[in-house]
Amino acid sequence: MAERKISWGPRDAHTLIGKDHIRIDGLEKASGAAKYTYDVNPPGTLFAKLLTFKGGSAKIAKLNVEPAKAVKGVHTVYIFKNEGDELGWDGELVAAVAAESSDIAEDGVRAIEVKYDIGKHFVDETDLEGARAAERTKEGIVERTVGDPDEALKTADVVHTGDYGIHTISHMCLEPHGAHCQWNEGDGPSLIAHHSTQAVSTTGPQFASKFGLDATDVRVICNYIGGGFGSKFAADVWGWAAAQMAKDTGRPVRLMLDRATELKTPGTRPSGFAKITIGAKKDGEVVAWKSHHWGTNGPQGGTIDGNQMPYVFDFENKQVEATGIITNCGPNRAWRAPNHPQLCSIVDAALDDTAAKLGMDTVSFFKKNLKKLDRLATGRGEIYAAQLDRASDLMGWKKRWHPHGKGGGGAIKQGLGVALHRWGGRAGASTCTVKIHPDGGSEVFLGSQDLGTGTRTVIAMVLAETCGLPIEKVKVHIGSNAYPKANPSGGSITVGGVSGPVRRAAQNAVWQVLDKVGEKFKLDATELAVGDQAVWNG
């Protein structure tokens, strides 16, 4: 009797996995047939528009929404901030108006009587000394010294000091943040929220807790999402506002951020600037590192994670300091590997300049220091070296690299660069249900979502491969918290998070089918297999 084992099997035995396929939702997306949250617009829907603060800092001196309620076609007004509340950045939400049309809602917003007592503001994230003078800094976020960097600098053959940085970046999803909410008085969930989210399985409890519902009383649906990049994991105040206005009016309410608000409110990637001093020997070995970096994540006054400085590397003599700047800008939110792009850019640019002073190419310089990796990269020096070699071969590094400033005769120079990066993303926990029907067709249900990275197609490939079917013979159901719980999509973890559970569930389902076939035909079920839409013996 053959042993049954959950596995992927040999690569060369796969018929679908590892091959090119047309995305199963490609036609819907390319033709415009795919329905995003932004497109949800059933009869009876009210449209909401937002009143946002336009300034740096203020206290609300007057807020009268009654004139908005008097506008014909306006049904309700939701208040985010009240008189006396403080506002901390341009774009902060004040109120929302729901009306029969977007135009009428905008008329309602314009009718709101609001006055502000303007306060002092600070927005220059690069100006550390100005922030200190304005008492807008959080000093000593990181203060860490290892070894004796000052003494080590005296032994260096080359010392390089430079200023580096990367500015704040605002989220700007192609489909803005928002929701369409509707309350249901009949059977089924009480609240149905079409929500532009990276987390259909975990957003429901956020709505439920806000409105005192059981988690089973909230249905979150997101069949398609037009970008998230780490910013769409929460129900958010605008989602709650849409739900509350729908409850107050007994009508569905659609509240999607407009483009200006999308740029200011859903979150930013924090900035990081640094003054860095590096000491190195003639052979490229770095013997000392000193850095002081600063930046902002908005009102919180934080910056990028100084505990990861110098990024990837860990030199035996180092001093790291970090200062946060409190600015009147939108708050921070995850954006594509939080902290890592900024750290990589700042650190590797400084190391590249140090290599240039030594007259070394950057690949050789990096490889010289691969024995000095931080705790998250320890033991991976050989992997980095192999990756650098492979990248060098692919880009023709040895042939095309040249020293700084030698890439052309004019003011614009051209050249090659290289950087070392890392990310700790790994497969998240997910669950699913797989069904195999009497005609052999298969389908899978799981509360995941497709950010545009091909999740539906990946799931279909795994299911079809495991069940011995062509892709068109399987169906994939995602985008709803009615399905078994799956991990949120972010951090490049979704494919790993959904493919494993689908493979396991499908293998177990196939084995049940094979057991029934074996029982009927008196065969050893462990010797049976599926393929080419049939069950095979031997």
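Summarised in this report is the structure supplied together with it. Not measured: the values here are computed from a predicted model.

## A short note on helix 14 (residues 494–521)
The end-to-end C-alpha distance of helix 14 is 40 Å, a good match for the 40 Å that 28 residues give at a rise of 1.5 Å each. One or two positions beyond helix 14, positive phi appears at Lys522, with a value near 55°.

## Considering the sheet that holds strand 4 (residues 86–87)
Ordered in space as 4-2-6, the three strands form an open sheet in which the pairing is antiparallel. The outermost strands of the open sheet, each flanked by one partner alone, are strand 4 and strand 6 (113–118). The pairing of strand 2 (residues 58–64) with strand 6 spans six bridges and is antiparallel. Opposite Ala58, over in strand 6, you have Ile118 as the bridge partner.

## Describing the side chain of Thr362
Along the chain, Thr362 turns up in helix 10 (residues 362–368). Discounting residues that sit within four places of it in the chain, Thr362 has contacts with Asp352, Ala355, Trp397, Trp401 and Val418.

## Some points on the nonpolar core
Residues Trp289 and Leu351 are the most contacted members of the largest nonpolar core, which totals 38 residues. Counting residues per element, the ones that place at least two in this core are strand 8 (158–166), strand 15 (272–280), strand 16 (286–295), strand 17 (318–325), helix 9 (340–358), helix 10 and helix 11 (381–395). For this core, the leading source of residues is helix 9, giving eight residues. In terms of nonpolar packing, the next biggest core, distinct from the first, is built from 31 residues, Leu50, Ala98, Phe211 and Trp238 among them.

## Remarks on the side chain of Gln198
Mapped onto the elements of the fold, Gln198 is located in the loop between strand 11 (191–195) and helix 6 (200–211). The exposure class assigned to Gln198 is buried, which follows from its relative accessible area of 1%. A polar contact is formed between the side chain of Gln198 and the backbone oxygen of Ser489, at a distance of 2.7 Å.

## Section: the packing of aromatic side chains
Counted according to the given criterion, the structure contains 10 aromatic pairs. Positioned above the aromatic ring of Tyr38 is the side chain of Arg254, whose terminal nitrogen or guanidinium carbon lies 4.4 Å from the ring centre.

## Considerations on the environment of Ala242
Tracing the sequence through the fold places Ala242 in helix 7 (residues 236–249). Take Ala242: its relative accessible area is 0%, and that puts it in the buried class.

## Examining the pattern of salt bridges
Within this structure, the stated rule accounts for 22 salt bridges. The partner of Asp236 in a salt bridge is Arg333, and the shortest N-O contact between them spans 2.9 Å. Placement of the pair is Asp236 in helix 7 and Arg333 in the loop between strand 17 and helix 9, with a sequence separation of 97 residues. By relative accessible area, Asp236 is classed as buried at 10%. Within this structure, Asp25, Lys29 and Arg456 form a network of salt bridges that share partners.

## Examining the sheet that holds strand 19 (residues 442–445)
Taken together, the three strands give an open sheet; going across it, the order is 18-19-20, and neighbouring strands pair in mixed fashion. Each edge of the open sheet is held by one strand with a lone partner, namely strand 18 (433–436) and strand 20 (474–477). Taken pair by pair, the neighbouring strands of this sheet meet at an average axis angle of 15°, ignoring direction. Running at roughly 140° to strand 20, helix 13 (residues 455–467) makes contact with strand 18, strand 19 and strand 20 of the sheet. The strands that helix 14 touches are strand 18 and strand 19; relative to strand 18, the one it contacts most, it runs at about 35°.

## Looking at the pairing of strand 22 (residues 534–537)
Regular strands show a simple pattern: their side chains alternate between the two faces of the sheet. Relative to strand 22, strand 21 (residues 528–531) runs antiparallel, the two sharing four bridges. By the bridge assignment, Ala529 is partnered in strand 22 with Trp536. Counting the residues between successive antiparallel strands, the hairpin from strand 21 to strand 22 contains two residues, one of them, Asp532, with a positive phi of roughly 55°.

## A look at unusual backbone geometry
Geometrically, the link from Met309 to Pro310 is a cis peptide bond, its omega value of -5° lying close to zero. Residue position: Pro310 is located in the loop between strand 16 and strand 17. Phi is positive for Glu135, close to 55°, though the residue is something other than glycine. Relative to the helices and strands, Glu135 resides in the loop between helix 4 (128–133) and strand 7 (137–146). Taking the relative accessible area as the measure of exposure, Glu135 reaches 71% and is therefore exposed. The phi angle at Phe229 is positive, at roughly 60°, despite the residue not being glycine. As for its position among the elements, Phe229 is in the loop between strand 12 (218–221) and helix 7.

## Some thoughts on the pairing of strand 8
Taking every second residue as pointing to the same face, the buried face of strand 8 carries Val158, His160, Gly162, Tyr164 and Ile166, while none of Val159, Thr161, Asp163 and Gly165 on the other face is buried. Inspection of the sheet shows strand 8 paired to strand 15 by nine bridges, in the antiparallel sense. The partner of Ile166 across the bridge, within strand 15, is Gly272.

## A look at the packing of helix 6 against helix 7
Contact geometry for helix 6 and helix 7: axes closest at 11 Å, N-to-C directions at 55°. Considered as vectors, helix 6 and helix 7 are oriented oblique to each other. The handedness of the crossing between helix 6 and helix 7 is right-handed. Residue-level inspection shows Gln206, Phe207, Lys210 and Phe211 of helix 6 in contact with helix 7, the latter providing Gly239, Trp240, Ala243 and Gln244.

Rules used in this analysis
Residues numbered from 1 in each chain as written. Predicted model: local features only at pLDDT ≥ 70, side-chain atom pairs only at ≥ 80, totals over all residues. Heavy atoms only, no water. Helix = DSSP H or I, 4+ residues; strand = E, 2+ residues; numbered from the N terminus. Expected span 1.5 Å × (residues − 1). Pairing = 2+ DSSP bridges. Contact = heavy atoms within 4.5 Å. Core = buried A, V, L, I, M, F, W, Y, C linked by side-chain atoms within 4.5 Å. Buried < 20%, exposed > 50% of the residue type's maximum accessible area, 1.4 Å probe, protein only. Polar contact = N/O pair within 3.5 Å; in protein donor to acceptor, adjacent residues only side chain to side chain. Phe/Tyr/Trp six-rings, centres within 6.5 Å; stacked < 30°, edge-to-face > 60°. Lys NZ or Arg CZ within 6 Å of the ring centre and 35° of its normal. Salt bridge = Lys/Arg side-chain N within 4 Å of Asp/Glu carboxyl O. Axes fitted to C-alpha atoms, helices over the stretch in contact; angles between N-to-C directions. Parallel < 35°, antiparallel > 145°, perpendicular 65-115°, else oblique. Left-handed = near helix turned anticlockwise from the far one by under 90°.

As far as function goes, none of this settles anything; it's purely spatial.
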